Amino acid sequence: MGKDMFSLLAQLIRNAMHSDQHQNAYMNADKAVTYAAVKFCVDKISSHIAQCPLNLHKITRDRNEKILNHAGYRLLRVAPNRYQTPYVFKRQLMTHALLWGNARAYIWRGNGQVELIPLMPDRCLTQMIEGDKVHFYKVHRDERLSLAADIERELRQAREEGRQSDVVVLADSEVIHWHGLGFDGIVGKSVVEMARRSWSLGLGQESTEFNRQKKGYNGGLMLSAPAGLLRKEEDAKEFLENFKKNHSGDDANPIGLLREGITAEVKGMSNSDAQFLESRKFQREDVMLWFSMPTMPGDNASVSYNSLEQKNLTYRVDCLGPWMTTIEEECERKLLTEAEVRNGYYFKFNDGAILRTDKQTTATIGATLIASRVVNPNEVREWFEMNPYEGGDEFENPAITTGAPGQTQEQATDTQGMAENKARISQVEQMINVECKRVIDATNAANFCDKISKFYAKWEQTLANRLESAGIDRDYATAHCEESRERLLSIADRVQTTEQLRAAVTEETQGWPSRAISLVQEFEVMKC
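Okay, so let's go over this structure.

Cut-offs and rules
- Residues numbered from 1 in each chain as written.
- Predicted model: local features only at pLDDT ≥ 70, side-chain atom pairs only at ≥ 80, totals over all residues.
- Heavy atoms only, no water.
- Helix = DSSP H or I, 4+ residues; strand = E, 2+ residues; numbered from the N terminus.
- Expected span 1.5 Å × (residues − 1).
- Bend = angle between axes of the 7 residues up to and from the residue.
- Buried < 20%, exposed > 50% of the residue type's maximum accessible area, 1.4 Å probe, protein only.
- Pairing = 2+ DSSP bridges.
- Axes fitted to C-alpha atoms, helices over the stretch in contact; angles between N-to-C directions.
- Salt bridge = Lys/Arg side-chain N within 4 Å of Asp/Glu carboxyl O.
- Phe/Tyr/Trp six-rings, centres within 6.5 Å; stacked < 30°, edge-to-face > 60°.
- Patch = residues over 30% accessible without salt bridge, like charges linked within 9 Å, V, L, I, M, F, W, Y side chains within 5 Å.
- Areas by Shrake-Rupley, 256 points an atom, 1.4 Å probe, with all protein chains shown as cover.
- Core = buried A, V, L, I, M, F, W, Y, C linked by side-chain atoms within 4.5 Å.
- Contact = heavy atoms within 4.5 Å.
- Parallel < 35°, antiparallel > 145°, perpendicular 65-115°, else oblique.
- Left-handed = near helix turned anticlockwise from the far one by under 90°.
- Nonpolar A, V, L, I, M, F, W, Y, C, P; charged D, E, K, R; others polar.

Moving on, we get to helix α16 (residues 448-469). Taking 1.5 Å of rise per residue, 22 residues should cover 32 Å, and α16 covers 31 Å from first to last C-alpha, within 8% of that figure. Helix geometry: α16 is bent most strongly at Trp-459, by close to 30 degrees. Those residues of α16 lying buried are Phe-448, Ile-452, Phe-455, Tyr-456, Trp-459, Leu-463, Ala-464 and Leu-467. Once α16 finishes, Gly-471 follows within two positions and takes phi at roughly 85 degrees, a positive value.

Right under this line is the structure:
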């Protein structure tokens with residue numbers, strides 16, 4: 001690359017930094033994260049990406065195995081560099097990607113070691129030069145990047161050639177680059193820049209309201225004086241100044257006294273106040289759209305457990321999914337050789353770290369997956385951080401019995417166990433059928449929620465006794481009743497009339513008898 005071209009691009013970096021400091025003085029990344037909605041979205045997305053382990057896998061003919069003895073695994077699961085953990089590294093880069101639209105890390109290979117050094121987005125410029133993607137970076141003296149031998153050599157050569165001595169050229173093969181939405185496929189657009197007007201409006205309204213509140217008295221209280229009492233203007237001004245001094249602002253006295261027949265009238269919320277609150281809700285939703293977030297705390301909509309679960313799934317697919325795919329593919333391209341990719345190596349996030357459910361639900365899911373031969377019992381035990389047991393690596397369905405003549409003693413034992421399970425399931429189904437009838441009848445009560453609470457206070461003991469007689473732990477009755485109560489109270493929050501309540505409860509309880517199968521299967525899994 002010619003000296004003139006390099007000098008021109010180096011100047012572009014400085015111009016971009018100068019523009020970011022002056023042109024966007026009223027909205028930049030530092031100011032954006034002081035906006036609660038922006039901070040929440042950036043914090044949530046970056047922390048969830050950082051929480052998910054990024055594992056290295058290899059597909060072979062008969063299995064998919066994790067690879068632990070590879071430099072890529074060490075960088076993304078053990079230590080990306082000398083001063084950061086994988087969580088801190090991924091969270092920093094995701095914050096860069098969310099706000100600036102680009103996150104970069106230099107791949108430092110030297111002295112038999114490999115490190116990933118984050119590059120600050122406000123000091124980096126990415127361009128296509130003669131058909132190659134190149135990154136220009138302004139190096140600060142104290143950052144770790146300046147210690148790399150090749151970077152030191154680049155800086156020394158720049159000084160010798162009379163070029164900008166603190167700007168280095170980094171080949172794309174040496175830089176991990178995660179970028180968001182962009183038009184050229186080379187760099188992402190800065191969300192802070194694109195949302196500048198929108199977020200500035202929200203922060204501006206906050207500032208306006210803060211200044212108004214800071215002044216203390218804002219017209220929310222009106223004083224009425226008898227005719228002729230404060231006829232002189234100077235007397236009225238003096239009275240009001242004393243009143244505001246003693247009863248407004250941070251040092252306001254909690255108790256006031258009005259004399260000479262003066263009365264006070266507290267005014268309700270003004271139209272401007274109501275409009276301010278409504279606009280605040282809209283601005284929060286507006287920020288949510290910028291980050292593809294399906295929801296955030298403060299939404300007034302009442303949601304059931306199922307709809308909340310769907311929102312979490314939407315968040316995983318629409319918000320986190322594109323970023324995870326971007327990161328996985330970029331890491332494969334920069335940290336794996338072509339031969340390794342051909343041999344089946346690939347990076348994959350384990351999103352189980354953020355999609356965890358309560359233990360009862362997890363155990364139910366595990367029992368279903370074991371019965372479907374998707375996972376084996378030892379893999380499910382690993383979810384609960386339990387040690388494997390001998391024979392637990394077999395993919396067998398515990399609900400299947402052959403019943404064939406000539407079966408072994410072990411097969412006979414399995415057959416007997418399944419017969420016992422069927423008997424347990426039948427007993428639990430009978431109890432749940434009774435439960436369904438009782439909760440449907442409770443919809444006629446004057447206070448459905450109170451009726452349900454009293455019913456389950458007694459029903460839990462009854463169900464526990466029946467489970468114990470069937471050889472099942474009594475604790476499963478507590479978990480079952482808590483889940484049932486939560487579902488019913490959620491329905492009560494959503495409906496308005498008794499007819500709607502009865503119809504919704506009837507529809508909800510139609511599938512409850514099938515919960516007996518999940519309960520017994522879960523018990524069998526945990527008993528292993």
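Attention now goes to the sheet that holds strand β5 (residues 124-129). The pairing of strands in a sheet comes from backbone hydrogen bonds and takes either a parallel or an antiparallel form. Spatially, the three strands line up as an open sheet ordered β5-β6-β7, and their pairing is antiparallel. Looking at the sheet topology across the chains shown, the edges are occupied by β5 and β7 (167-171). Put simply, the sheet's adjacent strands are angled 30 degrees from each other on average, direction ignored. Judged from the six bridges that link them, β5 and strand β6 (residues 132-138) form a sheet pairing that is antiparallel. From the neighbouring strand, Ile-129 faces β6, where its bridge partner is Asp-132.

With that settled, the discussion passes to the pattern of salt bridges. Summed over all chains, the structure comprises 20 salt bridges. Residues Lys-437 and Asp-441 are paired through a salt bridge, measuring 3.3 Å at the closest nitrogen-oxygen approach. Of this pair, Lys-437 and Asp-441 both sit in helix α15 (residues 409-441), four residues apart, which is roughly one turn of the helix. We classify Lys-437 as exposed; its relative accessible area is 55%. Salt-bridge contacts for Lys-454 lead to Asp-450; the nearest nitrogen and oxygen are separated by 3.3 Å. Within this pair, Lys-454 and its partner Asp-450 are both found in helix α16, separated by four residues, close to a single helical turn. Its relative accessible area of 54% is what places Lys-454 among the exposed residues.

The buried fraction of strand β11 (residues 345-349) amounts to four of the five residues, a majority that puts the element mostly inside the structure. Sheet topology places strand β1 (residues 54-59) next to β11; five bridges connect them, and they run antiparallel. Bridged to His-57 within β11 is Tyr-346.

As a further point, take helix α5 (residues 86-100). For α5, which comprises 15 residues, the first-to-last C-alpha distance of 21 Å matches the rise-based estimate of 21 Å (1.5 Å per residue) to within 8%. Buried within α5 are the following residues: Pro-86, Phe-89, Lys-90, Leu-93, Met-94, His-96, Ala-97, Leu-98 and Leu-99. Note on α5: the residue one or two positions beyond its end, Gly-101, has a positive phi of about 85 degrees.

A separate point is the packing of aromatic side chains. Tallying each qualifying case throughout the model produces three aromatic pairs. Measuring from ring centre to ring centre gives 5.8 Å for Trp-199 and Phe-291, while their planes differ by 20 degrees; the resulting arrangement is stacked. With Trp-199 in helix α8 (residues 196-214) and Phe-291 in the loop between α10 (271-290) and α11 (305-335), this pair connects stretches of sequence that are 92 residues apart. Accessibility assignment for this pair places Trp-199 and Phe-291 in one class, buried. With a centroid separation of 5.5 Å and 20 degrees between ring planes, the pair formed by Phe-455 and Trp-459 is classed as stacked. Placement of the pair is Phe-455 and Trp-459 together in helix α16, with a separation of four residues, close to one helical turn. Since its relative accessible area comes to 16%, Phe-455 is described here as buried. On the accessibility criterion, Trp-459 (6% relative accessible area) is buried.

On the surface, Leu-181, Met-194 and Trp-290 cluster together to form a nonpolar patch covering roughly 290 Å² of accessible area. Assignment of secondary structure puts Trp-290 in helix α10. We classify Trp-290 as partly exposed; its relative accessible area is 33%.

Before going further, it helps to examine the nonpolar core. As a rule of thumb, soluble globular proteins bury nonpolar side chains together. If you look at the biggest cluster of nonpolar residues, it comprises 50 residues, and the most contacted ones within it are Val-38, Ile-45, Ile-49, Leu-116, Trp-199, Phe-291 and Leu-335. Not counting the four nearest positions on each side in its chain, Trp-199 is found in contact with Met-27, Ala-32, Tyr-35, Val-38, Val-191, Val-192, Val-287, Trp-290 and Phe-291.

Attention now moves to the pairing of strand β3 (residues 102-110). Extensive coverage of β3 is indicated by the burial of seven of its nine residues. Here β3 pairs with strand β8 (residues 175-179) via five bridges, running antiparallel. Note that in β8 the partner of Ala-105 across the bridge is Ile-176. Pairing of β3 with strand β4 (residues 113-119), which is carried by seven bridges, proceeds in the antiparallel orientation.

On the basis of which strands lie adjacent, the open sheet formed by three strands has the order β2-β1-β11 and antiparallel pairing. Of all the strands in the sheet, the pair left with one neighbour each is β2 (64-66) and β11. Sheet twist, expressed as the mean angle between neighbouring strand axes with direction ignored, is 40 degrees.

Direction vectors running N to C along helix α17 (residues 475-494) and helix α18 (residues 498-509) enclose 150 degrees, while the axes themselves pass 10 Å from each other. Judged by the angle between their axes, α17 and α18 are roughly antiparallel. Considering only the axes of α17 and α18, their crossing is right-handed. On α18, the residues that touch Arg-487, Leu-488, Ile-491 and Ala-492 of α17 are Leu-501, Ala-504, Val-505 and Glu-508. By residue class, the composition of the contact of α17 with α18 is six nonpolar, no polar and two charged.

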